[in-house]
Structure formats: C-alpha cells, structure tokens
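# Reading the structure
Listed here are the chains, written in short residue letters.
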Amino acid sequence: MTEEDQRPVGRVIGTEDATPLEFWVAVSPGEYLQLDDVVALSRRPPGQEPVSIYGVVTQVRARHEGARFDSDVFLIEDGVLPAEVAEAARVTTTRFEPEVFLPPLPGTEVRRAADKERDEALFFDGMSKRLPAGLTRDGAPLWVNLEFVDGTRGAHVNISGISGVATKTTYATFLLYGLFTSGVLGREAHNAKALVFNVKGEDLLFLDRENALLTDAERERYRRLGLAPGAFGSVAVYAPPRAGDPAATADVASRAEGVTSFFWTIEEFCLEELLPFLFADAEDDRQQYTMVVHNVAARLKRATPLPQGGVSIEGAEVRTFRGLVDLIEAKVQDEDDAYVWAGRAISPGTVNAFVRRLHGAVRHLERLIRADVPNPERHRVALERQVTVVDLHNLNDRAKRFVVGVVIRKALDEKERSGQARPLLFLLVDELNKYAPRDGSSPIKEILLDVAERGRSLGVILIGAQQTASEVERRIVANSAVRVVGRLDAAESGREEYGFLPGTLRQRATIIKPGTMLLSQPEIPVPIVVEFPFPGWATRPAEAAAPTEGLPEDPFEGFPKP
Amino acid sequence: MRFAVEAWAPDYGAPIESETLEPSGAAVDVSREVPAERWSARRPPDKTVPPSRILFIDGVRRIDAGVWIHSADGVVRPGICASFAAGAVRCDGRASLADARVERGLFCAAPDAERIETPRAAYQPRAAQGESAESLSLALQRRMGELEVQIALGCEPADLIVVDGPLRGRQNVPGAIGYVKTHQVSYLPPVVSDVVAELAEGERTPVFFMTSSWSRFSWYLRLPGASGHPWAGVVRCEAGADLDPRGAAALADVSALVLPRFASRAHKDPRAPQNLYPIAGLERELRRRLGDPALLYRALRGVAHGG
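Residues numbered from 1 in each chain as written. Chains lettered and ligands numbered in written order. Predicted model: local features only at pLDDT ≥ 70, side-chain atom pairs only at ≥ 80, totals over all residues. Heavy atoms only, no water.

## Quick notes on the confidence of the model for chain B
All names here are of chain B. Put simply, the test is: Predictor confidence is given residue by residue as pLDDT, running from a minimum of 0 to a maximum of 100. Segments assigned H or I by DSSP are reported as helices when at least four residues long, segments assigned E as strands when at least two residues long, and all are numbered from the N terminus. Any two residues whose heavy atoms approach within 4.5 Å at even a single point are treated as in contact.
The share of residues in chain B with pLDDT of 70 or more is 93%, and the mean pLDDT across the chain is 88. Looking at the elements of chain B, mean pLDDT is at its lowest for strand E2 (residues 27-29), recorded as 88, and at its highest for strand E7 (residues 122-127), recorded as 95. Predicted confidence for residues 14-21 stays below pLDDT 50, and this span has 16 contacts to residues more than four positions away or in other chains. For this predicted complex, the interface score ipTM comes out at 0.82, while the overall pTM is 0.80.

## Re the nonpolar core
Residues and elements named next belong to chain A. Let me state the cut-off plainly: In this text, buried Ala, Val, Leu, Ile, Met, Phe, Trp, Tyr and Cys residues form a nonpolar core when linked through side-chain atoms within 4.5 Å. Buried means the residue's accessible area, taken with a 1.4 Å probe over protein chains only, is under 20% of the maximum for its type, while exposed means over 50%, and partly exposed covers the values in between.
Phe354 and Phe402 are the most contacted members of the largest nonpolar core, which has 74 residues in total. Top contributing element to this core by residue count: helix H11 (residues 397-418), with nine residues. The residues contacting phenylalanine 402, other than those within four sequence positions of it, are Trp264, Phe269, Leu274, Phe277, Leu278, Leu365, Ile369 and Ile444. By size, the runner-up hydrophobic cluster in this structure holds 69 residues, among which are Val56, Ala192, Phe232 and Val237.

## A word on the sheet that holds strand E5 (residues 84-97) of chain A
Residue and element names in this part refer to chain A. In plain terms, the rule: Strand pairing is assigned whenever DSSP detects at least two bridges linking the two strands. Here an axis means a line fitted to C-alpha atoms, over the contact stretch when the element is a helix, while the angle between two N-to-C directions is reported on a 0 to 180 degree scale.
One closed barrel accounts for six strands, arranged E1-E2-E5-E4-E3-E6; its pairing is antiparallel. Neighbour-to-neighbour, the strand axes of the sheet open up by a mean angle of 40°, direction not taken into account. Examined bridge by bridge, strand E4 (residues 51-65) and E5 share 13 bridges and lie antiparallel to one another. Within E5, the residue paired with valine 57 across the bridge is valine 91.

## Here we look at the packing of helix H7 (residues 290-300) of chain A against helix H8 (residues 321-333) of chain A
Residues and elements named next belong to chain A. The cut-off we apply is this: For this classification, under 35 degrees means roughly parallel, over 145 means roughly antiparallel, 65 to 115 means roughly perpendicular, and everything else is oblique. A crossing counts as left-handed when the near helix is turned anticlockwise from the far one by less than a right angle, and as right-handed when that turn is clockwise.
Two elements in contact, H7 and H8, have axes whose closest approach is 12 Å; the angle formed by their N-to-C orientations is 115°. Overall, the two elements H7 and H8 adopt an arrangement that is roughly perpendicular. Crossing of H7 against H8: the hand is right-handed. On H8, the residues touching Val292, Val296 and Leu300 of H7 are Leu324, Ile328 and Val332.

## Considering helix H10 (residues 348-365) of chain A
Put simply, the test is: Between the first and last residue of a helix there are one fewer steps than residues, each counted as 1.5 Å, and that sum is the expected span.
Along its 18 residues, H10 of chain A runs 25 Å from first to last C-alpha, staying within 8% of the 26 Å computed at 1.5 Å per residue. The inward-facing, buried residues of H10 of chain A contact H7, H8 and H11 of chain A.

## Re unusual backbone geometry
Cis peptide bonds are those with omega within 30 degrees of zero, and the linkage from glutamate 97 of chain A to proline 98 of chain A qualifies with -5°. Tracing the sequence through the fold places proline 98 of chain A in the loop between E5 and strand E6 (109-112). Look at the link from alanine 272 of chain B to proline 273 of chain B: it is a cis peptide, with omega at -5°. Here proline 273 of chain B lies in the loop between helix H3 (245-258) and helix H4 (277-290). Even without being glycine, asparagine 375 of chain A reaches a positive phi, approximately 50°. Summarising the element assignment, asparagine 375 of chain A is placed in the loop between H10 and strand E16 (387-391). Backbone geometry at glutamate 431 of chain A places phi at a positive 55°, although glycine is not the residue there. Within the secondary structure layout, glutamate 431 of chain A lies in the loop between strand E17 (425-429) and helix H12 (432-435).

Quick look at the structure:
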C-alpha cells in the first residue's frame, strides 16, 4: 500500500446523521471521491478492539457554503460574495470487521481502501474461489464468489438491460470465458460445458475466433483479471437447416465451415413426445385443446420407427412433418379415430383449434422435424464440445421456443440420468421473457423453472438475460444469486424487480454505457459498478481473425486419388 | 472564582449599537474639498483607477450569558460572557475569506476576575470600566474593534480597506475607510442634506470634516437599488483625519466607483442596499464560527454550578 492510498481523503461529517448503514464524508480540499470508490475508516469502541468500517461511495455532491439563494452563485463567481465550495460523498457501508454495528463518529478520518483493505471491503478475502466479473471503475478486479454461481451456496446469473446498449450477451459470454479459462473451476473446467442459444444476428457464431479488433490496452485488462485474452477453445456451432433444402445444409450467412445443421427426426418427435413443445405460446394453457395435445402425443408414442428416422403410424409411413400433421389432422377429425386420438367428448371447435395451431406450425418447423435426410444422427445437437452454440436467430418465435425447450429438456434428462451434479452445465439463454414469461405457463417455462429451482442440485446453471426482468417469471429471477443490470430505461428501472439497486444506482442504470454493468452478489450488500473488457472472441464476421485451425493439411483429402 | 449565570436570556439587556454611541454634537467643516457654495453631487472622474484588491473588515459579537462574579472583597459584580469574532473578506476577482478569528471574553469590572474554563470554550477576563450594562457592552465593542484592527493589519496589503461601522478606534489601519449604514443627520448643515437628496446612484457628496470626540473626513454616497425617500440607499464613509483633503477626496472617488458593485438587493438582504454582499457573507460566516449559543450557555451554567 502506498503513502498515497493511506492519506485521508476526508472526514465523516456531523451535519448529516452518520448511521452504521450510511454516512456522509466531507472531502478534504485537494482530494476527491467519485462514485464507486471504496473507502475505509476505523472506530475504537471503549474497551474493545478497533472496528474497521468499509463502504462504497454511492453519491457525491458539491455545494456552496455561505450561499443562501440560488442566484448567489453569480455573486460568488463575480467575486462579490464570499463562499466555500464543499464536497461531500455518501458512503453505503459494506462491511464491519468485527461485526460491531456502530455509526462512524463525525470527524473520523476516511481513507481510500486499496489492496488488502479493498479486498476486505468487498469480501474478496473470504472468497476461496473467485470468478473474474470485470474491473471496477478504479481499474481493480471485481470478483464473484464462485460458490454463489456453481450451486454450492447459490446458483444462476440473471442479466437485464436494453437491447443493443446493455451488452447482455457479451457480458454473459465474458463470464463464461472466465469460468472456463480463469482456472476457478479447477480441473473441472475441462469437463464443464456450456449450451449457448444465439438469438440475435450471427453474433455468437464466432466464439472460437479471436477478435481482430482487440487492442493491447484491452489485452492488459484481461491480464489484470488473471485471464489470457483470446477466443473459446472448443466450440460446436449448430444452425437450422436452410428452408426447402433437401440436403439440409446449415442456414447461416457469415460462417461457411464448422457449422452443423440440426433437426429432429419424426421418430424422435413421436417417441420422445415433443409435440407439446409446439404449443408453447403463453396463452396456450388457457385453451381447451391442451387435452387434445396430450392425447395425440400419447398416440404418437406408439409409432413404429423406420430407418433414417421415419415412423409408421397405424400402417402409414411418415417421413415429413407436413405428412405427420396431415395424418394427425385426419385422425383427430375421423369419426372413428377421433375418440382415441382427440379424446372423449371433445367438441369439434376444440379439435379445429388444435388443427389450426398445428397447421400454423408446419411452415416454421418442417425444416426442423424431418426424416428425409440420410444419417440424421449427425444432425442431433450433442454437447460434445465445451461450448455448444445453437443458432436460433432466423427462426420464428414458435420454432425458437420449440428448439430451446427440446434442447434444454434433453440436456436436463441427460444430467438426471447421470445422477451427478458435476461437471457443470451452463445454459446461456437470452430473451428469457420469451421462454419464461411472467404470466401463463408453457412446457418451456416449466423446464426453465425446473432449472432455476433444481439446477443447483442438478449442476445446471442458468445464465439468463432479458430486456426487462419485470416480464420474466418471478421465481426465475428470484432464484438467481448473481444479478446484473446493464442500461435500463427509466420506467423499467423503477420497478420492484430492481429493488436490490439503491435509488442512485437505479438512476445510474439509465445512463450507463455499453461495457458497464451493475453487479449484485449475495455477499456484497451494495451492487458494484463493473466494466468488462472488450470480447477477445469475435462477435461479428468483421471482427473474426482468420481461423488458425480447421483447414485440413490436405485439402483434397477424401477425394479419389488419381 | 465563584460566579453565577444570570437566568435571564443573555440578550435581554439590549446591547448598544455602536453607531448610537456617536455623540450628536459634532462640528462639521464642509469646505475642505470645495467651498460650501459650490457643493453639488459628484461622480468619480473617468481617470479613477478601481482598486484591484479590496479588503472588507467586520466583526460580530454575541453575549452568551450574563454572569455575577463573586470577588474576594465580598462584592458581587455583573459581567458578561461574550463570544466575538472579526474577519476579512478579500475581493480580488474572487471573494474569499482572508482571515477570521474568534475570541471569547468575560467582560467585568471585578479586579480579580479569572478565566472561565468550560468543556466547550474558555472565556478570557477583560476589564470593563464600570458595572453598567453600557460599559460592559462598550468594553466588548472595544475589544472586538481591536480584533478587527489586528485582522486588518495582519492581512496582505490591499488597495482599499472597508471597515464596517465608524472608523473610530481603527484609524490606524492605513488606507481604511469606515462604512456607516445608519445616519443621524440632525447636526448636519442644511447644504449637506440638500446635496444628499440630489445624489444619483453612484454619486457622492464632497468630502467634509467632522470633529466630535475625534476627527475624520466623511462623505455620503448613494448606492443603486433603493428608492422612495431622499436618504434611500445612502451610506456615509469616513477616512482618517491625517489625510490631506485631496487624498480624502481621492479615496471618496474610489469608494463611489467600487462600492455600488457590492450593494445588496432587497430580496436577499433586509438591510439592502447598504449592507454590502461581502460584509453580509462575512457576518454570516463569523456568526457561524461563534458556535452554538445554547451549547455555550449550558456549558457555562454547568461550570457555574460545579464551581
């Protein structure tokens, strides 16, 4: 610790109440305190050990002392009225060590907390496993206690913020990068996996490409966090097949190689009861036809598998989704079969509603549910690499819900089957409000709730993001131990979902820049403003450095030799 | 030393304004700058150089408690425990507090008065001439004046020093002018009142010479921002008698040039425009530094009872 850090920056003032939770500090002439500065002071209660009090500056103000009217400022600047400029900072306490909750005494010297004191102020000293969460405004690292991420004492991360300026997804991937490369997971880092849904543009399809725009200054920020700047090492990218393409090539524009198209076979669709995931709109649970959905799903389960993923249902061979829909329609409307397919005493109106919905899905899902491509097992989303990216961006909402629901359920099923929480699986889901809206229920919402509530024990960690936490199922947000907020609009920041932000931080959430977040974690009572470095992986095609691997040594490998 | 604290509020025995102490029977010589028949309102000539640094000096006083001192000779004499302060504001483009000092004194005629030490403050014994409230107050006034002189002499030299109130007792501050806000006009020759009534804003009367118990040059000037009656916004300034009339007139020109700039506005100061902004600001600051009267009163009572 240098002399500079030890020099007092001010004193506790006595004209405002000093309380154990909050107090004001007058800033000494020639010094300054800014928002988010970490400060420390001590008080010795009679006959006891000194108590160290730590806090974070949550407001600063400057005013003219000696002025009584607003217009006095002109007199003062004109050199007519004498006045002093006084600066004061409000400090919200973070920690008392030992825990003797006394107010700091007016007049007590306050110093900037650095090094060891800063670690104590922000509880870093007690964190045995520290996950880098970014840099605070003074350029020092901010850590998150891994025990509140990995399920030991808490789990899940929730990120809110306006699209475009809040950089939610980038921050989520930054956390992921830290998890995998900082060494915080220890040996487990090799086996831990992440499932990432790419919902917007082709932003996340380049996680394995180094960012060509990464400057040396940004590299330095990574190093300060104990990270090596770079891209994700092991990434698999899945994208939906191009619509109408019988060969089912992946539908991506910016990346040609290393992308696998994904779909489900008719067989999987029938035998694994994926039908309910087609009916995942928020209002669906209020409809009568859910009964029909479950009856039909039960019938489909009886289908006989055929090679290449097709099925035979009551003697009819089905190889396309459209064919399957036509068959289901015929069955539920057939006078003889409707009894078992649609269910008893189902009105024609309900059946029609079901059929209408089902038909509505055909156009969007026929490329994702099919049995007309050879080797369909190659197109199954498999969590083999460390990071698996599933691209959803050019699917419509209904298809997005289907994919997210089915992929997460399969991942959960696998985890449950393994019976072990470790290695961890991180789920990175943006636009949570689409999949787990506050109102209504749907199969996907149930799955996400399951992850939120049981994920800790299953070893499935949800890193969820949404524009507005107020539109997401309360229990999902409430179960997230770490909450992060980027730029919010003013109306949203006033909602109760952000109750963990003190008033000034709520205001601040409406003006913070991209690359800056407010992070709240269970151990630190005040959310901390954190900046994270520019991503070391490409977030769009223009940033992608040329691939360093992937081109085979012999480009003609596999061709018949002359 | 035994003493008791007067139970009545300390300000009950109405302190005396120094300005009312001026004897009214002053001899006035109006022909020092111009002959009486050529008296008229004067505006500072264009060549007048505005001072680059002005010092405003003022003091405040407050009686914290009335006390009764038990002397060794068995006589009980009245005294006052007072807090007083003097300070200076320097105006040189910025207005800033140049110096301020606070003192506390026990003003009393008792020969064996001792220092009163309270947990909050100490009161230094200061001799008063008599036992009446007037003489106690006068002693306080005099001591405050001395403190003002100390402040004025201790500050960096300024081109103009404005002392709030009459110059009496402060004539030895070089270049100082007294600044008197209230007037007793009964002793003035009629020509003075006539010219005062004619003064426009920023104009002054010619310099005249006053002799009462002491001598000084004096002139009236009108500040901007007041209207209604012939004496609205008029202040009287004083300069030391050791000046020659030409020097006094030059000082008068400078004052007429710069003081209007510092005149206060009615909505900000009940004594506008005469109570100048720097002096008002200084008084507020000094009063603040006197400390909380209730706290000091309690401390004094505590010591009186304990002793």
